[in-house]
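Residue-level structure breakdown
Listed here are the chains, written in short residue letters.
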Amino acid sequence: MNLTLAVLLITILILSAALYRSARRPLVPPEDAPLVQKARRDSLKIFPRGDANRASSFAIVMRLEDRSCVELRSRATDKAGT
């Protein structure tokens, strides 16, 4: 019984570490990073206080046939961004 609980605990710890590493990775792929940085710089012209820059962790890049769009969100749970 103790051995089973120990194996279960170790399995849970390994899975937790893997999930934590996945959750901490950058949300923006490296190839989209320059596009997101430009969007943040441009947002300072519209929002001088830098409200949009707080959204750096929650940038969403959408690629369409004729353009690329970057949505900056202040929180991951926001329904819409800037």
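Here the structure is shown first, and the text comes after it.
The text that follows walks through the structure, step by step, so that each part is easy to find.

Let's shift gears to the overall build of the protein. Per the secondary structure count, the protein includes two helices and two strands. Walking the protein from its N terminus toward its C terminus, one meets helices and strands in the order α-α-β-β. Of all 82 residues assigned to the protein, the portion counted as buried reaches 16%. Considering only contacts in the protein between residues 6 or more positions apart, those separated by 24 or more positions represent 30%. Approximately 6800 Å² of the protein is accessible, and the part contributed by carbon and sulfur atoms is 61%.

Looking now at helix 2 (residues 33–46). In this model helix 2 runs 20 Å from its N-terminal to its C-terminal C-alpha over 14 residues, within 8% of the 20 Å that 1.5 Å per residue would give. Those residues of helix 2 that sit buried are Val36, Ala39 and Ser43. The buried residues of helix 2 all sit within an arc of 55° when viewed along its axis, so they share a single face. Residues Pro34, Arg41 and Lys45 are exposed on helix 2 and point more than 90 degrees away from its buried face. Of the surrounding elements, those touching the buried residues of helix 2 are strand 1 (59–63) and strand 2 (68–72).

Here we come to the side chain of Ser43. Mapped onto the elements of the fold, Ser43 is located in helix 2. Look at Ser43 and you get buried, because its relative accessible area is 5%.

Bringing a nonpolar patch on the surface into the picture now. On the surface, a cluster of nonpolar side chains totalling about 450 Å² of accessible area is made up of Met1, Leu5, Leu8 and Ile12. By secondary structure assignment, the location of Leu5 is in helix 1 (residues 2–24).

Taken as a whole, this structure holds four salt bridges when the rule is applied. Residues Asp42 and Lys38 are paired through a salt bridge, measuring 2.8 Å at the closest nitrogen-oxygen approach. Taken together, the residues Asp42 and Lys38, both in helix 2 and four residues apart, mark about one turn of the helix. Classification of Asp42 as partly exposed rests on a relative accessible area of 29%. Salt-bridge contacts for Asp66 lead to Arg67; the nearest nitrogen and oxygen are separated by 3.4 Å. Residue classification places Arg67 among the partly exposed positions, given a relative accessible area of 48%. The network of salt bridges with shared partners includes Lys38, Asp42 and Lys45.

We now examine the pairing of strand 1. In terms of strand pairing, strand 1 meets strand 2 through five bridges, oriented antiparallel. Counted as the bridge partner of Val61 is Val70 from strand 2. Connecting strand 1 to the next strand, strand 2, in antiparallel fashion are four residues.

Conventions used here
Residues numbered from 1 in each chain as written. Predicted model: local features only at pLDDT ≥ 70, side-chain atom pairs only at ≥ 80, totals over all residues. Heavy atoms only, no water. Helix = DSSP H or I, 4+ residues; strand = E, 2+ residues; numbered from the N terminus. Buried < 20%, exposed > 50% of the residue type's maximum accessible area, 1.4 Å probe, protein only. Contact = heavy atoms within 4.5 Å. Areas by Shrake-Rupley, 256 points an atom, 1.4 Å probe, with all protein chains shown as cover. Expected span 1.5 Å × (residues − 1). Arc of directions from axis to C-beta. Patch = residues over 30% accessible without salt bridge, like charges linked within 9 Å, V, L, I, M, F, W, Y side chains within 5 Å. Salt bridge = Lys/Arg side-chain N within 4 Å of Asp/Glu carboxyl O. Pairing = 2+ DSSP bridges.

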